[in-house]
Amino acid sequence: MVQYLAKRIGRSILTLFVIVTLVFCLLRLMPVEGYFANYEKMTEAQIQAGLQSMGLLDPLPVQIGHFWVNALHGDLGVSHIYKLNAPVTRILAQKLPISIEMGVLAMLLSLVLGIPLGLVMGRYKGRWPDKLGTAFIVLIQAVPAAVYFLYIQMYGTTAMGVGLLFDAANWRYWVLPVCSMSLANLAFYAMWLRRYMVDESNKDYVKLARAKGVSENNIALHHVFRNAMVPLVQYIPSAFLNTVVGSIYIESLYSIPGMGGLLVTCVQRHDNTMVQGIVLLYACVGIIGLILGDVLMVLIDPRINFGKKEGGR
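## Observations regarding the side chain of Glu251
Part 1 of the reasoning: Positionally, Glu251 belongs in helix H11 (residues 248-253).
Part 2 of the reasoning: Despite its burial, Glu251 pairs with no opposite charge, the nearest such side chain being Lys95 at 7.1 Å.
Part 3 of the reasoning: A distance of 2.9 Å separates polar atoms of two side chains, one belonging to Glu251 and the other to Ser99.
Part 4 of the reasoning: Excluding anything up to four places from it in sequence, Glu251 contacts Ser99, Ile256, Gly258, Met259, Gly260 and Gly261.

## Section: helix H3 (residues 60-72)
In an α-helix there are 3.6 residues to a turn, and that puts residues three or four apart on one side.
Part 1 of the reasoning: Its 13 residues place the ends of H3 18 Å apart at the C-alpha level, agreeing with the 18 Å of an ideal helix rising 1.5 Å per residue.
Part 2 of the reasoning: Turning to H3, its buried residues are Gln63, Ile64, Phe67, Trp68 and Ala71. Along the long axis of H3, the arc covered by the buried residues comes to 130°, so they all point the same way. H3 presents Pro61 and Leu72 as exposed residues on the side facing more than 90 degrees away from its buried surface.
Part 3 of the reasoning: In the segment just after H3, Gly74 is the residue with positive phi, at about 80°.

## What to know about unusual backbone geometry
Part 1 of the reasoning: With a phi angle near 55°, Ser255 is a residue other than glycine that sits in the positive phi range.
Part 2 of the reasoning: When you line up the elements, Ser255 lands in the loop between H11 and helix H12 (262-268).
Part 3 of the reasoning: What makes Ser255 partly exposed here is its relative accessible area of 37%.

## Observations regarding empty space enclosed by the protein
Part 1 of the reasoning: Taken as a whole and assessed by the stated rule, the structure comprises one cavity of 30 Å³ or more.
Part 2 of the reasoning: Size it by volume and the largest cavity reaches roughly 50 Å³.
Part 3 of the reasoning: Thr157, Val162, Gly163, Leu164, Leu165, Phe166, Arg172, Tyr173, Leu176, Pro177 and Tyr254 together form the lining of the largest cavity.
Part 4 of the reasoning: A total of four residues in the lining of the largest cavity trace back to one element, the largest contributor, which is helix H7 (residues 172-201).
Part 5 of the reasoning: The residue makeup of the lining of the largest cavity, split by class, is eight nonpolar, two polar and one charged.

## Details of the environment of Leu57
Part 1 of the reasoning: Positionally, Leu57 belongs in the loop between helix H2 (44-53) and H3.
Part 2 of the reasoning: Judged by its relative accessible area of 42%, Leu57 falls in the partly exposed class.
Part 3 of the reasoning: What Leu57 contacts, discounting residues up to four positions off in sequence, is Gln48, Leu51, Gln52 and Gln63.

## Here's the deal with the pattern of salt bridges
Part 1 of the reasoning: Taken as a whole, this structure holds two salt bridges when the rule is applied.
Part 2 of the reasoning: Between Arg194 and Asp130 there is a salt bridge, and its shortest N-O distance comes to 2.8 Å. Taken as a pair, Arg194 in helix H7 and Asp130 in helix H5 (residues 128-142) lie far apart in primary sequence, 64 residues in all.
Part 3 of the reasoning: By relative accessible area, Arg194 is classed as partly exposed at 21%.

## Some remarks on the packing of aromatic side chains
Part 1 of the reasoning: The tally for this structure, following the rule as stated, stands at nine aromatic pairs.
Part 2 of the reasoning: Look at Phe166 and Trp174: their rings are 5.4 Å apart centre to centre, the planes differ by 65°, and that puts the pair in the edge-to-face class.
Part 3 of the reasoning: On the basis of an interplanar angle of 70° and a centroid distance of 5.7 Å, the ring pair of Phe188 and Tyr189 is categorised as edge-to-face.
Part 4 of the reasoning: Connected via pairs of aromatic rings, a cluster forms that spans Phe17, Phe24, Phe67 and Trp68.
Part 5 of the reasoning: The positively charged end of Arg123 is found above the aromatic ring belonging to Tyr124, 4.9 Å away from the centroid.
Part 6 of the reasoning: One cation-aromatic arrangement involves Arg195 over Trp192; the distance from NZ or CZ to the ring centre is 4.8 Å.

## So, the packing of helix H4 (residues 88-123) against helix H9 (residues 216-233)
Part 1 of the reasoning: The N-to-C vectors of H4 and H9 enclose an angle of 125°; their axes lie 11 Å apart at closest approach. Here H9 runs oblique to H4, going by the angle between their axes. The two elements H4 and H9 meet at a crossing, and its hand is right-handed. Across from Ile115, Leu119 and Arg123 in H4, the residues of H9 making contact are Glu216, Asn217, Ala220, Leu221, Phe225 and Met229.
Part 2 of the reasoning: A class-by-class count of the residues in the contact of H4 with H9 yields six nonpolar, one polar and two charged.

## Observations concerning the side chain of Thr273
Part 1 of the reasoning: Examined against the element boundaries, Thr273 turns out to sit in helix H13 (residues 272-300).
Part 2 of the reasoning: Residue class for Thr273 comes out buried when judged on its relative accessible area of 8%.
Part 3 of the reasoning: Here Thr273 is in contact with Tyr35, Leu76, Gly77, Val78, His80 and Val88, once residues within four sequence places are set aside.

## Observations concerning the nonpolar core
Part 1 of the reasoning: Core analysis: the largest hydrophobic core is formed by 26 residues, its most contacted members being Trp68, Leu92, Met259, Leu262, Met274, Ile278 and Leu280.
Part 2 of the reasoning: Only helix H1 (2-28), H3, H4, H12 and H13 provide two or more residues apiece to this core.
Part 3 of the reasoning: Sort the elements by how many residues they give to this core and H13 lands first, with 10 residues.
Part 4 of the reasoning: Those residues in contact with Ile278, other than ones at most four positions away along the chain, are Leu92, Met259, Leu262, Leu263 and Cys266.
Part 5 of the reasoning: Counting residues in each nonpolar core, the second largest holds 23 residues, with Met102, Trp174, Val178 and Met191 among its members.

Cut-offs applied
- Within every chain, residues take consecutive numbers counted from 1 along the sequence as written.
- Given that this is a predicted model, residues contribute local features only at a pLDDT of at least 70 and side-chain atom pairs are listed and counted only at 80 or more, while totals for whole chains, interfaces and linings are drawn from all residues.
- Heavy atoms throughout the structure, all of them, feed into the side-chain values; hydrogens and water do not.
- Secondary structure is summarised from DSSP: a helix means a run of H or I of at least four residues, a strand means a run of E of at least two, and numbering begins at the N terminus for each.
- Buried, partly exposed and exposed residues are distinguished by accessible area as a fraction of the type maximum, computed with a 1.4 Å probe on protein chains only: under 20%, between the cut-offs, and over 50%, respectively.
- In summary, the charge assignment counts Lys and Arg as positive and Asp and Glu as negative, without counting His or the chain termini.
- Put simply, a salt bridge is a Lys or Arg side-chain nitrogen that is within 4 Å of an Asp or Glu carboxyl oxygen.
- Under the rule applied, a polar contact is a pair of N or O atoms within 3.5 Å (in protein, one hydrogen donor and one hydrogen acceptor; residues adjacent in sequence only if both atoms are side-chain atoms).
- Throughout, a contact is declared for two residues whenever any of their heavy atoms are within 4.5 Å.
- A helix is expected to span 1.5 Å multiplied by its residue count minus one.
- In this description, the arc belongs to the directions extending from the helix axis to the C-beta atoms.
- Cavity and pocket criteria rest on a 1 Å grid covering protein atoms alone: a 1.4 Å probe that fits but cannot get out defines a cavity, protein on both sides within 12 Å along at least 5 of 7 lines defines an open pocket, and an atom within 4 Å of a point defines a lining residue.
- Grid points are joined across faces, edges and corners, and a volume is the space filled by probe spheres set on the points.
- When residues are sorted by character, Ala, Val, Leu, Ile, Met, Phe, Trp, Tyr, Cys and Pro go into the nonpolar class, Asp, Glu, Lys and Arg into the charged class, and all the rest, Gly among them, into the polar class.
- Any pair of Phe, Tyr and Trp rings, taking the six-membered ring for Trp, is counted once the centres come within 6.5 Å. Such a pair is stacked with planes under 30 degrees apart, edge-to-face with planes over 60 apart, and tilted for the rest.
- Counted as over-ring charges are cases with an Arg CZ or a Lys NZ within 6 Å of the ring centre that also lie within 35 degrees of the ring normal.
- Note on geometry: axes are lines fitted to C-alpha atoms, helical ones only across the stretch in contact, with angles between N-to-C directions running from 0 to 180 degrees.
- Angular relationships are summarised with four words: roughly parallel below 35 degrees, roughly antiparallel beyond 145, roughly perpendicular across 65 to 115, and oblique for the angles in between.
- Left-handed describes a crossing in which the near helix is turned anticlockwise from the far one by less than a right angle; the clockwise case is right-handed.
- Throughout, nonpolar core names a set of buried Ala, Val, Leu, Ile, Met, Phe, Trp, Tyr and Cys residues whose side chains join them through atoms within 4.5 Å.

Structure (structure tokens):
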């Protein structure tokens, strides 16, 4: 496992380098307006002087080298449009914690509710718990998220006695956005756990356990459920990233000052330095999520050995 992780981390670092460098190069093909807040009022001489001071007139390999050297020292540059002359790292440090905290709460809620729901649906396949759970999953997946998000906000704010402007110091303002963000993952976990449990229930080891007189509850909980969770846990770290990134609508709906809409805003406003920093951050978190997914699979099922070669004995 250690050897596998070392190779995986090495490949991940190379992937990260390629992705961020490619984005860096593509941004250099964009108009230079994204590096000046008052571009329309500047003369050509002022523009060229500004580009020179930022190192944007250097050869592209030199610019890439400077970017990575500064990034390794924790310097991602400064914002030129979104927040004039503010360090990118400081902007991210202000917005990232609240998005991570909300994403963690939403993921925990989806796991706490989604996994038991999938377990009950798989255990009572074809009976009323399964039918009710299936109806809920179909509702969440068939209805556009924006529709039920609006209904949750419309009736939830009245029921909770909260306003439309988010207040991080009041726990009641967290309830509605966290519940809204958890619904998609809740349905996902319930649906796939139910499917994996149904597949496992038809395997020979389950038939053998029944023949030995093991109770259905014991089989479902200690055998089928454990094996069904193995392929599911691989997606949990990546799902966390998707929860944070996909919170654009939720954060705008509840006026939450998080990371949700930051990338879209910076792209629209052509703040190239901010875009570089956000892409680097998301790429790092995404790669870490994939590695953690493999680690979770091994922790749940020690029989998995990623270090073994294909066809090895």
